[in-house]
Amino acid sequence: MKVMIVDDEVIIREGLSTVIDWRQLGFQFLEPAESAEEALERIPVEKPDLLLTDIRMEEMDGLTLAKEAKAMFPDLEVIMLTGYDDFSYMQQAIRNEVSDYLLKTSRPGDIIQAVLRAAQRIRSRWNSNSKVYHKEKEIRNHWFEKILAGDSGVDKLAWGEYFPLFKVSEREGKPSCFQAVLIKAEGWGNVDGSGLLLQFAVENMLREIVSCETLAGKRYLVAVMKYDEGKGQEECYCKLFPEIERLLKCTLYCAAGTPVGTIEEIGTSYKKALQVAKYWEIFTQERILGYERIGERKGWRTVSSRQEENELSQLLLANDSIRLNQWIGTRVSEHMEHPEVTYESYSSYIQSLALSGFRWLERMAAEMEALKEGIADYSSFGEKGDAVLRDKLQQYLETIMNAYHLSVSKGPSAYVQQAIAYIQQNIGNQKLSLHEAARYVHLHPGHFSEVFKRVTGTTFGDYLIQEKLELAKELLLDPFIKISEVAHSVGYEDVKYFSQQFKRYYSQTPSEYREERIGK
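Predicted model only: the values in this text are computed from it and were never measured.

K.L.:
Sorry, what's going on with the sheet that holds strand β1 (residues 2-6) here?
P.N.:
Two pairing modes exist for strands in a sheet, parallel and antiparallel, and in both the strands are linked by backbone hydrogen bonds. Across the sheet, five strands lie side by side as β2-β1-β3-β4-β5; this open sheet has parallel pairing. Bordering the open sheet on either side are β2 (28-29) and β5 (100-103), each of which pairs with just one other strand. Across the face of the sheet, helix α2 (residues 36-46) comes into contact with β1 and β3 (50-54) while running at roughly 165° to β1.

K.L.:
Help me understand the packing of aromatic side chains, please; the structure alone is not making it clear to me.
P.N.:
The geometry of an aromatic ring pair is captured by two quantities: the separation of the ring centres and the angle between the planes. Summed over the entire model, instances satisfying the criterion amount to 17 aromatic pairs. Ring geometry for W22 and F27: centres 6.0 Å apart, planes at 85°, overall edge-to-face. Of the two residues, W22 and F27, neither departs from the other in class, the shared state being buried. Grouped by ring-pair contacts, the aromatic residues Y492, Y497, F498, F502, Y506 and Y513 constitute a single cluster. We note K184 situated over the ring of Y253; from NZ or CZ to the ring centre the distance is 4.9 Å. Sitting above the plane of the Y492 ring, K468 keeps its charged end 5.7 Å from the centroid.

K.L.:
Mind showing me how you'd approach the nonpolar core here?
P.N.:
Nonpolar side chains tend toward joint burial in soluble globular proteins. Ranked by size, the top nonpolar core spans 61 residues in total, and within it F166, V224, I266, Y346 and L397 carry the most contacts. When residues no more than four places from it in sequence are discounted, the contact partners of Y346 are E281, I282, V332, H335, M336, V341, L389 and R390.

K.L.:
So what exactly am I meant to see when it comes to the sheet that holds strand β6 (residues 178-186) here?
P.N.:
With mixed pairing, five strands are arranged side by side in an open sheet as β7-β8-β6-β9-β10. Both edges of this open sheet fall to β7 (212-216) and β10 (288-290), since each of them pairs with a single strand only. Direction aside, the axes of adjacent strands within the sheet are offset by 20° on average. Helix α11 (residues 266-277) contacts β6, β8 (221-226), β9 (251-256) and β10 of the sheet and is inclined by roughly 35° relative to β6.

K.L.:
In this structure, what is going on with the pattern of salt bridges? I would like to understand it.
P.N.:
Close approach of charged atoms allows side chains with opposite charge to pair. Inspection of the entire model under this criterion finds 16 salt bridges. Taking the shortest distance from any N to any O, the salt bridge between E245 and R287 comes out at 2.8 Å. Within this pair, whereas E245 is found in helix α10 (residues 233-248), its partner R287 is found in the loop between α11 and β10, the two being separated by 42 residues in sequence. Taking the relative accessible area as the measure of exposure, E245 reaches 14% and is therefore buried. Between E309 and R359 there is a salt bridge, with its nearest N and O atoms 3.8 Å apart. Of this pair, E309 sits in helix α12 (residues 306-318) while R359 is found in helix α14 (residues 343-365), placing the two residues 50 residues apart along the sequence. We classify R359 as partly exposed; its relative accessible area is 41%.

Definitions and cut-offs
- Residues numbered from 1 in each chain as written.
- Predicted model: local features only at pLDDT ≥ 70, side-chain atom pairs only at ≥ 80, totals over all residues.
- Heavy atoms only, no water.
- Pairing = 2+ DSSP bridges.
- Helix = DSSP H or I, 4+ residues; strand = E, 2+ residues; numbered from the N terminus.
- Contact = heavy atoms within 4.5 Å.
- Axes fitted to C-alpha atoms, helices over the stretch in contact; angles between N-to-C directions.
- Phe/Tyr/Trp six-rings, centres within 6.5 Å; stacked < 30°, edge-to-face > 60°.
- Buried < 20%, exposed > 50% of the residue type's maximum accessible area, 1.4 Å probe, protein only.
- Lys NZ or Arg CZ within 6 Å of the ring centre and 35° of its normal.
- Core = buried A, V, L, I, M, F, W, Y, C linked by side-chain atoms within 4.5 Å.
- Salt bridge = Lys/Arg side-chain N within 4 Å of Asp/Glu carboxyl O.

Below you can see the structure in the form of structure tokens.
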């Protein structure tokens, strides 16, 4: 694939010649032309596939050059470069079937992207003219997918026919070592297929620099390379990837599976690489990860503590997104930094926080009929999309918080519902009282007491006692919690008084209730 630059300014010709590594992009760089006339003389002989030309030049301009050049070679790709952001020029360039229109002040990365888009179109045209090529590519990808899946029925004859790396290894007649890696490329955004274009560019460069076999996927580029036991994998990739990043102005992430000794074992290396790729969310500052970093981890706690559930309930009740975000950040960071955490234990812990939020909303819904229909189902949390779990958790908990506060903001009894929620979250506080609840909803205690009874059908005091004792009944079902601890948990410092209140409402003592329900 050949490229020719046409510009009457020497500084532009030299700049474009040196700022972009054309060879590594897969182009043969032809001597730049100093004018459109010179270019038209050379094009029939040198037959470039891509033309980068200035629009404004002495005598013949770039638009005329593009028109005459494409008359000779209709498949020629032309990228216009100009120092003027002139819409009329852009319109005329489009009419002349110019591939792209860029300002000379564009960043090298923008020019590279335009060049790679043109290269992709050129290759597509070449390939579309060959049904044999498409069939061969389809067969090759089919066999490669089978190798990655560890399919024992892979035809060994296909190795040498479709995979040069494996053919060379067989010919060398000595033990080979292979390694599967997943490569994620970022930095070009995801507009107009930029993500796929970047993956295409990385794949081309990788195959130019090292001997490897590749397969482009939706999220990752899969590569199988020879593993040099004399060099550490990290050392190898630390030398390889910066060169690609420098040229393509992007950021690469690599997840490497375990080295294996045979082609049949590549599927095992690939599965390990898939496991490693999940840890990009945990090792946020590291871009090259190998299986040895995570293989021996045993996992950490998977369930949120009661204290964390209480803290989360208070934050959701406070309706403060900033504090909620900070709290999530602290909890997540603490978890990710633990030396034994695995992706599975981390994922389960995040799920447990989502479940805590769901349970909080359920408790609130028990007192608010209008909220019952809108309760989100935590079971689907984290299943879809590419967002990291921490961001999904933030979005999920904010949805719960907003749903609750939207409901309590409606109707004349909104502040009574707020007070009920306040009671639910402070049930173990011995100082919880009518005055404290009235102060929370900014009402006079006398007025609040009247409205509370009118809305709920009971006095604040009776409602508070009932809520405390209902919670006590739940706690008593756990034989490992002492009755004194139950009393303290629901706001009673005096265990004897707690027992009296419990018997008054349920006609039996806490001990009798526990014995009846769970036995001695």
